[in-house]
Amino acid sequence: LTTTPCRFQTHSLQDMRQQAAIASKVFVQRDYSTGTTCQFQMKFLPELENRIDKQQFEETVRTLNNLYAEAEKIGGKSYLEGCLACLTAYTIFLCMETHYEKVLKKIAKYIQEQNDKVYAPRGMLITDPIERGLRVVSFTAARE
Amino acid sequence: MSAIMVSKKVLRKWEKLPGKNTFCCDGRVMMARQKGVFYLTLFLIVGTCALFFAFECPYLAVHLSPAIPVFAIVLFFFVMATLLRTSFSDPGVLPRALPDEATFIEMEIEAANGNVPAGQRPPPRIRNVQINNQIVKLKYCYTCKIFRPPRASHCGICDNCVERFDHHCPWVGNCVGKRNYRYFYLFTLSLSLLTIYIFTFDIVHVVLRSVDSGFVNTLKDTPGTVLEVVVCFFTLWSVVGLTGFHTYLVSLNQTTNEDIKGSWSGKNRVQNPYSHRNIMKNCCEVLCGPMHPSALDRRGELIELALAPVPIPASKNNKENPQTTKTTAPLIPNEHTPDDVKSSIAPETEGDVEEKLSPLENKPLPSEPPTPPPADPAETTAVLEEAF
């Protein structure tokens, strides 16, 4: 065995396999330019170029961004929900859903719909960002 | 020909979560590992209130007003509800990157850093983003293998990255972060009010009684009062001070972590990009903002398949449930299975590999590795070498 540490040795062995695996997954990152509100980058990544339509991609990401903005909107309704919940010492959430949770369900449905109508026919799948802690939207090439 | 036995185990996702949290009630409750101080907090609050209801309330309800114990009960209920909410909920833990995402990020970092000559330390992994015309540095977390979102920090005690990390509070036995900060604030606020309330009425009670029976006799009649006064006195200084400090932080939309590090202290013209520059707006956002959901899905179901004995090598033999994040490979133990599952599978598969080499000597061992790329290449090497 050579003197290079194990890690580097296996890294070179695994390289080709890893690259093959990665080429099938693309991660759209968060856009932090407006703050910590949940928004995803609209930049059309080069890895997606031959796979999906740019406009379709932008449409999907834009809708997702709008939905998350709706979930995180700070306004009269959210204040009312906050104050009411506070008065009940937050026990009200043992039986009621928060506004955010309701919108998350909408988002899950939208993603399912997009997968069925737009992405699955082209051999791709989007994962719901909540599974990754709202950090990325991953586009997977669904092979086999 | 070998027979394949597939044993299916249905687990909840919390059982396989990394990090040093403890879970109760089948994943509904999430806390840190050390809970001793939390039990002390509970004991002090419940104990002092019990003494108050036993000694003060009967006297004051009769001599002053029955509203006094009623209001005390309401306050006590509010304190307990907010405390338990703070302690038991997910503070805003970020799930760790799955291997494919981690590798994607590593590749991006390597591409950004270019070729680093051997022997030189690679530059630190930092991503710059601009928020409200301010450059914010996002640091890479080596444990969670992600670039931390702004305001997130890694808690060493719980071994998790937490969003909008404030601090790890041993008194509540949990981290305080994005999802439970408002409960924590309301807990300190209501506890301050409760402490002041009990302290005040202890004094009133002692004074009223002393007028009738004298000071020393009063203390003999109600020994509980002395204990309450002592506890309340020390609690007052700490909890009221803490409430004041957090009120200051809330008004500026800052976290304890940022305050301690001096992130927005104003030197080098650095200002807090998250603040609305308006106290009311900041308070409203922090206390009445949207209730973020947990990203952890603790109670989701996870199906784990264990294959034993080793099946005849073929690419489609190991069933992969698309929902599972962990799969077991027939020949090589999967590096992502946590230690407890690994220990139950590894002896079987590794042992089988040794045994099966002789009958399978005419068949080549599969050249393809298990499907998810291992996170720990060093371990794979060890196993591969062992097998050969």
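From a predicted model like this one, the values you see are computed outputs, not experimental measurements. (Residues numbered from 1 in each chain as written. Chains lettered and ligands numbered in written order. Predicted model: local features only at pLDDT ≥ 70, side-chain atom pairs only at ≥ 80, totals over all residues. Heavy atoms only, no water.)

Below, the discussion takes up the overall build of chain B. Counting its secondary structure elements, chain B contains ten helices and twelve strands. Counting across all 388 residues of chain B, residues that qualify as buried make up 47%. Excluding contacts between residues fewer than 6 apart, the proportion of contacts in chain B whose partners are at least 24 apart in sequence is 65%. Summed over all atoms, the accessible surface of chain B reaches about 19900 Å², with 62% contributed by carbon and sulfur. (Helix = DSSP H or I, 4+ residues; strand = E, 2+ residues; numbered from the N terminus. Buried < 20%, exposed > 50% of the residue type's maximum accessible area, 1.4 Å probe, protein only. Contact = heavy atoms within 4.5 Å. Areas by Shrake-Rupley, 256 points an atom, 1.4 Å probe, with all protein chains shown as cover.)

Within the element layout of this structure, B:Ser87 appears in helix H2 (residues 67–88). Not counting residues up to four positions away in its chain, the partners in contact with B:Ser87 are B:Met30, B:Met31, B:Phe38, B:Val172 and B:Asn174.

On a regular strand, each side chain points to the face opposite its neighbour's, so the side chains alternate between the two faces of the sheet. Residue and element names in this part refer to chain B. Strand direction decides the pairing type here: strand E5 (residues 126–131) and strand E6 (residues 134–141), joined by six bridges, are antiparallel. Paired with Asn-128 across the strands is Lys-137, a residue of E6. What sits between the antiparallel neighbours E5 and E6 is a turn of two residues, in which Asn-132 has the positive phi angle 50°. (Pairing = 2+ DSSP bridges.)

All names here are of chain A. Compared with the 30 Å implied by 1.5 Å per residue over 21 residues, the 28 Å span of helix H4 (residues 99–119) between its first and last C-alpha is a close match. Along H4, the residues that are buried comprise Tyr-100, Val-103, Leu-104, Ile-107, Tyr-110, Ile-111, Gln-114, Asn-115, Val-118 and Tyr-119. Buried residues in H4, looked at end-on, bunch into an arc of 140°, giving them a common side. Exposed residues pointing more than 90 degrees away from the buried face of H4 are listed as Lys-105, Lys-109 and Lys-117. Residues of H4 that are buried make contact with helix H2 (54–71), strand E2 (124–126) and strand E3 (136–141). (Expected span 1.5 Å × (residues − 1). Arc of directions from axis to C-beta.)

Note: most residues except glycine have negative phi, and most peptide bonds are trans. All names here are of chain B. You will see that Lys-145, though not glycine, has its phi angle at about 60°, which is positive. What makes Lys-145 partly exposed here is its relative accessible area of 30%. Although it is not a glycine, Arg-151 sits at a positive phi angle of roughly 75°. With respect to the element layout, Arg-151 can be found in the loop between strand E7 (146–147) and strand E8 (153–155).

This paragraph deals with the UniProt feature "domain: Golgin subfamily A member 7/ERF4" (unreviewed entry) in chain A. UniProt records the feature "domain: Golgin subfamily A member 7/ERF4" (unreviewed entry) at residues 26–137 of chain A, using the numbering of this structure. End C-alpha to end C-alpha, residues 26–137 of chain A measures 8 Å, and it is 46% helix and 8% strand. (UniProt positions renumbered as here; feature names shortened; annotations may be inferred.)

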